[in-house]
Amino acid sequence: MRFDAKPSELVANPMGKRSLSTIGCHLVVMGLLGLIFAVDFTLPLGIAWGVPYLLALVVAWLYCSPRWMAGFALMAIAMIWLGWLFSPSIGVTAWIVLSNRGLATMAILLFLAVSLLHKRIQGQLQKLTTSLQEQVAERTVTLEQTNTELNLQLASYQQASERVRQQEKTFGALVEGSIEGVLIHVGSQVLFANQAYADMFGFSGPDDLIGKEIFHLVIAPEERARLNSFAQARLRGEPAPERYIYRGLRQDGSTIWVDTMVRVVEWLGQPAVQITVIDVTDRHEAAERLRESNERFSGIINLAVDGIVSVDEAQHIVMVNPAAERMFGYTTEGLLGQPLDCLVPVGHRPAHGHHVDAFANGETTARKMRERGQLQGQRKDGSLFDVE
């Protein structure tokens, strides 16, 4: 059991006294000093009796505070010289006794100095240890707080990642289930494509498209420059068409016509272009056939020697061929949008309008107008002429 009186080991009581262990230490040391002094006082050992006092000081060094140890050392020195004054020194020369007790005094003082230095260093080490423990405790608290914050951030990141994963899953399900082709690219490199897009252009699956150059893969050569200029303008934030029709290139070399809707999106933190396409080849070819048919029809109408005039339901002129222009003395621009009555003599206009309405609402698809009597037309200059 240790008997030193460290502040952390003091026992608080109403009298403010030290603990019994500290008092016992002091009593033991004082008892040893008293015992040694008594022996020194009664026995003729004056030559070397100062040395045993060091034994008591060793006990004080082990179990007492530095202040009490210094007190005991001074007490021991006093007892050494009191013993010299009062103890018998039979047969011993005085200078030998003095030298021995002087050496003992120097030994005690040296021991005291070394002990106090040791205690001081020990105290500084204790303070340093306490400071380090406090710093470690502070750092531990800081690390725990940082760890808590990191755990919260990690949990938030995991939740955000889960939401993104769910959104991607939902997006993937919507896109994969769509009958429209969807493709996302940055620059000219394909990043994503759905199965409908791959099927539309004759590929077995999206993997055949991802990572490839879109402008050389699914766009007809004559369209590449135009569509590339659109894509670059969008990424620069400049105006570009959002919807257009272009000629696409299938994997087998055949071409299709696609109606395209384009918009800029964010893909993995960078701007990208999303393309949604619909195959309109049948519609485009039908429109082309209709255009060609209209051109042929217009050619026939324009070459006809008979005057041909076409009106809408309100009997306004919508088409006039060159022969009719020459016949009535008008230009096409002068007749388009005008009522048909402008080509009919004034006296015949009410009856003529009634006949046209009856023909439009009847079941007959064609008839000769002379079946209802002689017809005349009126030129731009007001002159009349017979018509069939």
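As a reminder, the structure under discussion sits directly above these lines.
Residues numbered from 1 in each chain as written. Predicted model: local features only at pLDDT ≥ 70, side-chain atom pairs only at ≥ 80, totals over all residues. Heavy atoms only, no water.

### Comments concerning the sheet that holds strand E5 (residues 270-279)
Within the open sheet, the five strands sit side by side as E2-E1-E5-E4-E3. Their pairing is antiparallel. For this open sheet the edge positions go to strand E2 (189-193) and strand E3 (243-249), each flanked by a neighbour on one side alone. For this sheet, the mean angle separating the axes of adjacent strands, direction not counted, is 40°. Note that strand E1 (residues 181-186) and E5 share five bridges and pair antiparallel. In the sheet register, Leu 183 faces E5, and the bridge partner there is Ile 275. Most of the contacts of helix H8 (residues 281-303) go to strand E4 (residues 255-267), to which it runs at about 130°, and overall it touches E3, E4 and E5. (Pairing = 2+ DSSP bridges. Helix = DSSP H or I, 4+ residues; strand = E, 2+ residues; numbered from the N terminus. Axes fitted to C-alpha atoms, helices over the stretch in contact; angles between N-to-C directions. Contact = heavy atoms within 4.5 Å.)

### What to know about the side chain of Asp 259
Of note, Asp 259 is situated in strand E4. A polar side-chain atom of Asp 259 sits 2.7 Å from a polar atom in the side chain of Arg 243. Not counting the four nearest positions on each side in its chain, Asp 259 is found in contact with Arg 243, Tyr 244, Ile 245, Thr 276, Val 277, Ile 278, Val 280 and Arg 283. (Polar contact = N/O pair within 3.5 Å; in protein donor to acceptor, adjacent residues only side chain to side chain.)

### Comments concerning the pattern of salt bridges
Scanning the entire structure with this criterion turns up six salt bridges. Note that Arg 236 is salt-bridged to Glu 238, the shortest N-O span being 3.1 Å. Among the residues examined, Arg 236 registers a relative accessible area of 52% and is labelled exposed. Glu 288 serves as the salt-bridge partner of Arg 291, at 2.2 Å between the closest nitrogen and oxygen. One end of the pair is Arg 291 and the other is Glu 288, both in helix H8 and three residues apart, which spans about a single turn. (Salt bridge = Lys/Arg side-chain N within 4 Å of Asp/Glu carboxyl O. Buried < 20%, exposed > 50% of the residue type's maximum accessible area, 1.4 Å probe, protein only.)

### Section: the state of the cysteines
Formally, a disulfide is one covalent bond, and it connects the sulfur atom of one cysteine to the sulfur atom of another. Applying the stated rule across the entire model yields one disulfide. Shown here is the disulfide that connects Cys 25 with Cys 64, its sulfur atoms set 2.5 Å apart. Looking along the S-S bond of the Cys 25-Cys 64 disulfide, the torsion reads about -105°, which is the left-handed sense. Of this pair, Cys 25 sits in helix H1 (residues 20-42) while Cys 64 sits in the loop between helix H2 (53-63) and helix H3 (66-86), and the two are 39 residues apart along the sequence. Classification of Cys 25 by relative accessible area gives buried; the value is 4%. (Disulfide = S-S within 2.5 Å.)

### Description of the packing of H2 against H3
In the contact formed by H2 and H3, the axes pass within 10 Å of each other and the chain directions differ by 170°. Judged by the angle between their axes, H2 and H3 are roughly antiparallel. In contact with Tyr 53, Leu 57, Ala 60 and Trp 61 of H2, H3 contributes Met 69, Phe 72, Ala 73, Ala 76, Met 79 and Ile 80. In terms of residue class, the contact of H2 with H3 is made up of ten nonpolar, no polar and no charged. (Parallel < 35°, antiparallel > 145°, perpendicular 65-115°, else oblique. Nonpolar A, V, L, I, M, F, W, Y, C, P; charged D, E, K, R; others polar.)

### Description of the nonpolar core
The biggest cluster of nonpolar side chains holds 25 residues, and the ones touching the most others in it are Tyr 197, Phe 201, Leu 209, Ile 214, Val 218, Tyr 246 and Val 277. For this core, the elements supplying multiple residues, two or more each, are E2, helix H5 (195-200), helix H6 (214-217), helix H7 (221-235), E3, E4 and E5. For Tyr 197, the residues in contact, after removing those within four places along its chain, are Gly 181, Val 182, Leu 183, Leu 209, Ile 214, Val 218, Tyr 246 and Val 277. With 19 residues, the next largest nonpolar core counts Ala 73, Met 79, Ile 80 and Ala 104 among its residues. (Core = buried A, V, L, I, M, F, W, Y, C linked by side-chain atoms within 4.5 Å.)

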